[in-house]
Amino acid sequence: MITRRHFLNTAAATAGLAATSANAQGYLVPEGNLPRVVRIDRDYAPGEVHVEPGNFKLYWMLGPGLALQYAVGIGRAGLYESGDFMIQVKKEWPSWTPTPDMIERSPESYAQYADGMDGGINNPLGARALYLFKGNRDTFLRIHGTNAPRTIGSAVSNGCVRLVNSHISDLYNRVPLQTRAVLH
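These numbers come from a predicted model, not from an experiment.

## Focus: the overall build of the protein
Working step 1: Within the protein, the secondary structure is distributed over 4 helices and 11 strands.
Working step 2: Looking at the protein as a whole, 48% of its 184 residues qualify as buried.
Working step 3: Contacts in the protein between residues at least 24 apart in sequence constitute 63% of all its contacts with a sequence separation of at least 6.
Working step 4: About 9100 Å² of surface is accessible on the protein, with carbon and sulfur atoms providing 52% of the total.

## With respect to the pairing of strand β8 (residues 137-144)
Working step 1: Of the pairings in the sheet, the one linking strand β7 (residues 128-134) to β8 comprises 6 bridges and is antiparallel in character. From the neighbouring strand, Y131 faces β8, where its bridge partner is R142.
Working step 2: Taken together, β7 and the strand that follows it, β8, pair antiparallel across an intervening segment of 2 residues, in which G135 is found at a positive phi of about 65°.
Working step 3: Bridging between β8 and strand β10 (residues 161-162) involves 2 bridges; their strand directions are parallel. Considered in β10, the bridge of I143 is made with V161.

## Examining the pattern of salt bridges
Working step 1: Applying the stated criterion to the full structure yields 7 salt bridges.
Working step 2: A salt bridge links E48 to R180; the shortest N-O distance between them is 3.1 Å. Pair noted here: E48 is in the loop between β1 (36-39) and β2 (49-52) and R180 is in strand β11 (residues 179-183), with a separation of 132 residues, a long-range link.
Working step 3: For E48, a relative accessible area of 11% translates into the label buried.

## Considering the environment of R162
Working step 1: Looking at the secondary structure, you find R162 in strand β10.
Working step 2: What makes R162 buried here is its relative accessible area of 14%.
Working step 3: Not counting residues within four places of it along the chain, the set of residues in contact with R162 comprises A71, V72, G73, H144, G145, T146, A148, T151, I152, V156 and S157.
Working step 4: A polar contact is formed between the side chain of R162 and the side chain of T151, at a distance of 2.9 Å.

## A few points about unusual backbone geometry
Working step 1: We note that W93 has phi near 45°; this positive angle belongs to a residue other than glycine.
Working step 2: With respect to the helices and strands, the residue W93 is situated in the loop between β6 (83-92) and α2 (100-105).
Working step 3: When its relative accessible area of 38% is taken as the criterion, W93 is described as partly exposed.
Working step 4: The phi angle at F140 is positive, at roughly 70°, despite the residue not being glycine.
Working step 5: Its location among the elements puts F140 in strand β8.
Working step 6: Overall, the relative accessible area of 53% leaves F140 in the exposed class.

Definitions and limits used
Residues numbered from 1 in each chain as written. Predicted model: local features only at pLDDT ≥ 70, side-chain atom pairs only at ≥ 80, totals over all residues. Heavy atoms only, no water. Helix = DSSP H or I, 4+ residues; strand = E, 2+ residues; numbered from the N terminus. Buried < 20%, exposed > 50% of the residue type's maximum accessible area, 1.4 Å probe, protein only. Contact = heavy atoms within 4.5 Å. Areas by Shrake-Rupley, 256 points an atom, 1.4 Å probe, with all protein chains shown as cover. Pairing = 2+ DSSP bridges. Salt bridge = Lys/Arg side-chain N within 4 Å of Asp/Glu carboxyl O. Polar contact = N/O pair within 3.5 Å; in protein donor to acceptor, adjacent residues only side chain to side chain.

Rendered as structure tokens:
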């Protein structure tokens, strides 16, 4: 159940995000893509993450019909994978290794990173990552930050869900391990 204190703290934190939405590359997040508390008429349970690819939104459910909404980028056509997942790992400034499928699809872009890339500002996973699992199996799908903030609101990734770094950092701090994440 959402308490008045939780709601007010969430609203205050969201207002703080609006004030700090410029990232290191000087990109100012458009007002329509700033996180906000919204009412939604879906039957999503509190404490869950839901991604709606049709409107490029992620919802962190605060209470019945009440969510913190974030703008996201999603996987390109044929690469977005819907499903019911569990967040079993969280990492700050995660390292990244392209999957074999990514290297096969675009060797000119990914082969050079076959041995991986350390975390940092130039890493495609950005500032934080939530790792999506099915049972004990890592799906290699992530909800993560991005070093390409202009891609928010579009379908350009290799299947993952991406947020502006300041927004994934906020979500990362809110979402505990073992949280259900549904990609619709």
